[in-house]
Amino acid sequence: AKVSADEFPAFSYQKLIELFYDNTKMRFTSISRSNEAQLGFLANKLMDGCRIGCISNTQGAIIMTKDFLFLDRNYKALGSEDIIRNLDSNEPILMYLSDKNLRKVLFYQYKTAIERSKENDTEFTFEEIMRGCNLSESETSVALRLMQNAHLNEVYMDQKIKKYIFSYSNALYALAIYKLVELLTEDPVWTVVRDTSIISDYAFYE
């Protein structure tokens, strides 16, 4: 089946649910054994906050939730720990993203940009951001500098008025970091998981 670009993320998500289903022994006994009913029930479990995942000892890991999934191809591989040590040069980004006022600006810009256009990056003025986020002038100035440092805003002058362009593409990565933090701090409820460090039984076929 071929789908449009707008449909592709949801299409891929559904295909991954089907792959989990096809490759696991897990079946729900309280409903019909038909594939359609089983897949529907699994999808509903995800929507209710459960997770499904496979953490391999040799070829990475994949985790799915109701609105987010990630695949790491070299988790547990020799050398995969280097990312931790090599974070030094990018460590400030994590501090920027945890700043309270940056998050206010990011929240405001992201929400407003979606309301205006989902196709084009949106530009804002300093005063607009200051009012929209209910920040002081100095707080707004610092937050916008952090937004630039985190590559979430670009700046240009338009007839002597400074404009801040919100970057949709980079906001995607910031939101992914926030979602991973949420996953890290939540107590997980697994529908199916293959991870011998969590559960000794294999949910997947050997």
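Further up the page is the structure itself.
Counting restarts for each chain, with residues numbered from 1 along the sequence as it is written. Whole-chain, interface and lining totals are the exception, using all residues; otherwise, since this is a predicted model, local features are given only for residues with pLDDT of at least 70 and side-chain atom pairs are given and counted only at 80 or more. To get the side-chain values, take all heavy atoms of the structure and skip hydrogens and water.

(A) Representation of unusual backbone geometry within the structure. Look at Lys-76: it is not a glycine, yet its phi comes out positive at around 75 degrees. Of note, Lys-76 is situated in the loop between strand E3 (69-72) and helix H3 (82-85). In this structure, Gln-159 is a non-glycine residue whose phi angle is positive, near 55 degrees. Numbering goes from the N terminus for both helices and strands, where a helix is a DSSP run of H or I of at least four residues and a strand is a run of E of at least two. Position of Gln-159 relative to the elements: it lies in the loop between strand E5 (153-158) and strand E6 (161-166). We call a residue buried when its accessible area falls under 20% of the maximum for its residue type, exposed when it is over 50%, and partly exposed in between, using a 1.4 Å probe and counting protein chains only. Judged by its relative accessible area of 73%, Gln-159 falls in the exposed class.

(B) Local environment of the pairing of strand E2 (residues 61-64). Of the two faces of E2, both are covered, the one formed by Ala-61 and Ile-63 as well as the one formed by Ile-62 and Met-64. Sheet topology places strand E1 (residues 51-55) next to E2; four bridges connect them, and they run antiparallel. Following the sheet pairing, Cys-54 is matched in E2 by Ile-62. Adjacent in sequence and paired antiparallel, E1 and E2 are bridged by five residues, among which Gly-60 carries a positive phi angle near 95 degrees. Bridging between E2 and E3 involves four bridges; their strand directions are antiparallel. Each residue of the ladder has a partner; that of Ile-62, found in E3, is Leu-71. Remark: four residues form the turn of the hairpin made by E2 and E3, two consecutive strands paired antiparallel. When DSSP finds two or more bridges between a pair of strands, those strands are recorded as paired.

(C) Focus on the sheet that holds E2. Read across the open sheet, the four strands follow the order E3-E2-E1-E7; overall the sheet is mixed. Where the open sheet ends on each side, the last strands, each with one partner, are E3 and strand E7 (190-194). With strand direction ignored, the average angle separating the axes of adjacent strands in the sheet is 0 degrees. Each axis is a line fitted through C-alpha atoms, and for a helix only the stretch in contact is used; angles between axes span 0 to 180 degrees, taken between their N-to-C directions.

(D) Looking closely at the state of the cysteines. Cysteine sulfur atoms that come within 2.5 Å of each other are treated as a disulfide pair. Counting across every chain of the model gives zero disulfides. Free cysteine Cys-54: the closest other cysteine sulfur is in Cys-50, separated by 17 Å.

(E) Spotlight on the environment of Phe-70. Structurally, the position occupied by Phe-70 is in strand E3. Look at Phe-70 and you get partly exposed, because its relative accessible area is 29%. Phe-70 sits 52 residues away from Thr-122 along the chain, and the two C-alpha atoms are 27 Å apart. Two residues qualify as a contact provided that any one of their heavy atoms is within 4.5 Å of a heavy atom in the partner residue. In contact with Phe-70, not counting residues within four places along its chain, are Ala-61, Ile-62, Ile-63, Leu-180 and Leu-183.

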